[in-house]
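Architecture at a glance
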Amino acid sequence: MTTSPAPDHTPTHAGAISEEGYHKDLGRRHVQMIAIGGAIGTGLFLGAGSRLQVAGPSLAIIYAICGVFSFLILRALGELVMYRPTSGSFVTYAREFLGERAAYMAGWLSFLNWAMTGIVDITAVALYMHYWAVFLPVPQWAFALVALAIVGTMNMIGVRYFGEMEFWFSLIKVVALALFLVAGALILGTRMPVAGHTTGFHLITENGGIFPHGMFSALMLLQGVVFAYSGIELLGTAAGECEDAREILPRAINSVIWRIALFYVGSVILLVCLLPWTEYHAGTSPFVTFFQALGIPGIGTIMNIVVLTAALSSLNSGLYSTGRVLRALALGDSGPKALGKLNRSSVPYVGILTTLAVYLVGVMLNYLIPSRVFEIVLNFSALGIISTWGFILLCQLRLRAAINRGDIAPTGFSMPGAPYTTWATLGFLGFVLIMMAFDYPDGTITIGAIPLIGAILIGGWCLLDRSRHRA
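Remember, it's a predicted structure, so these values are computed and weren't measured experimentally.

Parameters and conventions
- Residues numbered from 1 in each chain as written.
- Predicted model: local features only at pLDDT ≥ 70, side-chain atom pairs only at ≥ 80, totals over all residues.
- Heavy atoms only, no water.
- Core = buried A, V, L, I, M, F, W, Y, C linked by side-chain atoms within 4.5 Å.
- Buried < 20%, exposed > 50% of the residue type's maximum accessible area, 1.4 Å probe, protein only.
- Helix = DSSP H or I, 4+ residues; strand = E, 2+ residues; numbered from the N terminus.
- Axes fitted to C-alpha atoms, helices over the stretch in contact; angles between N-to-C directions.
- Parallel < 35°, antiparallel > 145°, perpendicular 65-115°, else oblique.
- Left-handed = near helix turned anticlockwise from the far one by under 90°.
- Contact = heavy atoms within 4.5 Å.
- Nonpolar A, V, L, I, M, F, W, Y, C, P; charged D, E, K, R; others polar.
- Phe/Tyr/Trp six-rings, centres within 6.5 Å; stacked < 30°, edge-to-face > 60°.
- Salt bridge = Lys/Arg side-chain N within 4 Å of Asp/Glu carboxyl O.

With that settled, consider the nonpolar core. Counting 144 residues, the largest nonpolar core has Phe45, Tyr63, Phe180 and Trp389 as the members making the most contacts within it. Counting residues per element, this core draws most heavily on helix H6 (residues 100–129), which supplies 17 residues. Judged by nonpolar contacts, the second largest core, of five residues, contains Val159, Leu234, Ala238 and Tyr320.

Put into C-alpha cells, the structure is as follows:
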C-alpha cells in the first residue's frame, strides 16, 4: 500500500503549533539564513588559520571534497524532511526507520557533537577577545563564561527571537565574506601588492606548491574540515518550527552547494593568492591577518568583530539544536522525562540548561588548559558529527527502500544518485575516521575513546531500560 509523506496536520500561518508542541514561527528568510549560518561558522573563520598553516593551498581541495559530501548528506536529510518535517529531525527518523536503540544513539551522539562544538565556540570567543590588547590581562575562561551567559539567555526566548538573532548573525557573516571576496578579487586583479608581496598564483608555486607538506598532511585535516560544515544538519531541526517546510526547505538546501564553493573554496584560493600561506597562523583568523596586512586603520578590529559574531552564532545554534534533540529523546523514552518539558514560549528549557551545564566544563577547560582546549574538543566534536551524519544516511537508505517497495510515496526531493551516492558518502565518513586515528595525539586519543563512549551509551540505555520496566 502506498502512503504519502506524513502530513503536518497544522496550518502554515505564523504562530501555528506543531504536533510536537513547538511554535511554527520560522519564516523563509529565517530558514535561508539558518542554512547559510550552518554552512559558515567558526571552522572557517578561526579553524582555517591553523589548517592553512598545516596544509597550505591544498586546504581548498579538502574543503571542496568535504563540501560535496556534506551537500549529499544535506540532500539525504532533505528527502527525510520532505517525508516528515519534525524538530526531532534525525532522532525521529532513526526511531521510525532504525528502531529506538538507533534513535537513542543518534540523539546522544549528536548531543556529544554540539556539546563539544559549543566548547570550541566559547573558546573561539575567548581567543577573539584577546585580539584587543586591552583584554589580554583578562583570563580566557572569563570570556568563555560571559559568552555562555549571553547566549544561554538568548535561547530561553521563543523560537522567533532565535530566528531573528540567527538571521542577523548570518547576515553579518555573509556581508563580511562578500566584502572580502570583492576586495580580494579586485586586489588580485589589479596586482596590488599586500604587505610587500606581489599578489598572484605565483605565491602558491613559490611557497611549496599546492601540497607543500605532502598529500598525507592535507588528508589529516579531514576531521577539522568536517567540523567546519557541522551546522548544515540544523536545517532538519528547524523544519519542525518552519511555517511551510516543504516549500521552503528544498531551495534552501540546494543553495548550500554554491555557498560552499564560493565561501570556502573561493576564500581559501584568494587567501593564498593574496599572501603567502605561511603568513597565516593558528589562533588568528586568516581574514583578520589579511585585512591587517592591508594596513587600513580599524579594518582588523571590524573583521574580528565579525568572526566573534560567527562564534556566537554557532554557539546559539548549538543550544537551539541540542534542546530539541534532547526533547525528542525524552519523548521516545530514550532520555530523562524532564528533558521533554517546555516553558511558556514552547522552548525546551531543561534540554538547553543541560547543555549549558556541559558548556561549563568547557569554561573549566579554558581555565586548566587554555592552549590545548580547541584542538582536543574539535576532534571529539568531529566524532559526533560523523555519527550524526551516518545515521542520517542510514535513515535515507531505509526511506528510499520503502519508497521503492511502494510503501511510501516519493517525496519529490530525492537524493541524487541514491543509493550509490549514499554508500559512497558513508564510505567517505569511514575514511575520515581512519585518518583521525593517524592524527597523533589528539585524533588517536579520540578514536581510542570510541569503546569508552560506546560503554557509556550502553550503560545509559540499560539504566533507561530499567527505569522503563519499573514504570
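Next, the rest of the story.
Running from N to C, helix H5 (residues 89–97) and H6 point in directions that differ by 160 degrees, and their axes come no closer than 7 Å. Between H5 and H6, the interaxial angle falls into the category roughly antiparallel. Of the two possible hands of crossing, H5 and H6 adopt the one that is right-handed. In contact with Phe90, Val91, Ala94 and Arg95 of H5, H6 contributes Glu100, Ala102, Ala103, Ala106, Gly107 and Ser110. Here the contact of H5 with H6 is built from residues that sort into six nonpolar, two polar and two charged.

Here the focus is the packing of aromatic side chains. One pass over the structure, following the stated rule, counts 16 aromatic pairs. Centre to centre, the rings of tyrosine 83 and phenylalanine 97 are 5.7 Å apart; their planes meet at 50 degrees, and the pair counts as tilted. Of the two residues, tyrosine 83 sits in helix H4 (residues 59–83) while phenylalanine 97 sits in helix H5, which places them 14 residues apart along the sequence. Taking relative accessible area as the criterion, tyrosine 83 reaches 6% and is therefore assigned buried. Their ring planes at 80 degrees and their centres at 6.1 Å tell us that phenylalanine 216 and phenylalanine 438 sit as a pair that is edge-to-face. Pair noted here: phenylalanine 216 is in helix H10 (residues 215–219) and phenylalanine 438 is in helix H19 (residues 420–438), with a separation of 222 residues, a long-range link. Using a relative accessible area of 53% as the deciding quantity, one classes phenylalanine 438 as exposed.

What follows concerns the pattern of salt bridges. Applying the stated criterion across every chain yields a total of five salt bridges. The partner of glutamate 79 in a salt bridge is arginine 400, and the shortest N-O contact between them spans 3.2 Å. Taken as a pair, glutamate 79 in helix H4 and arginine 400 in helix H18 (residues 373–405) lie far apart in primary sequence, 321 residues in all. There is no split in this pair, since glutamate 79 and arginine 400 are both buried. The residue aspartate 407 makes a salt bridge to arginine 405 at a minimum N-O spacing of 2.8 Å. Overall, the relative accessible area of 32% leaves aspartate 407 in the partly exposed class. Arginine 405 gets classed as exposed once you look at its relative accessible area, which sits at 57%.

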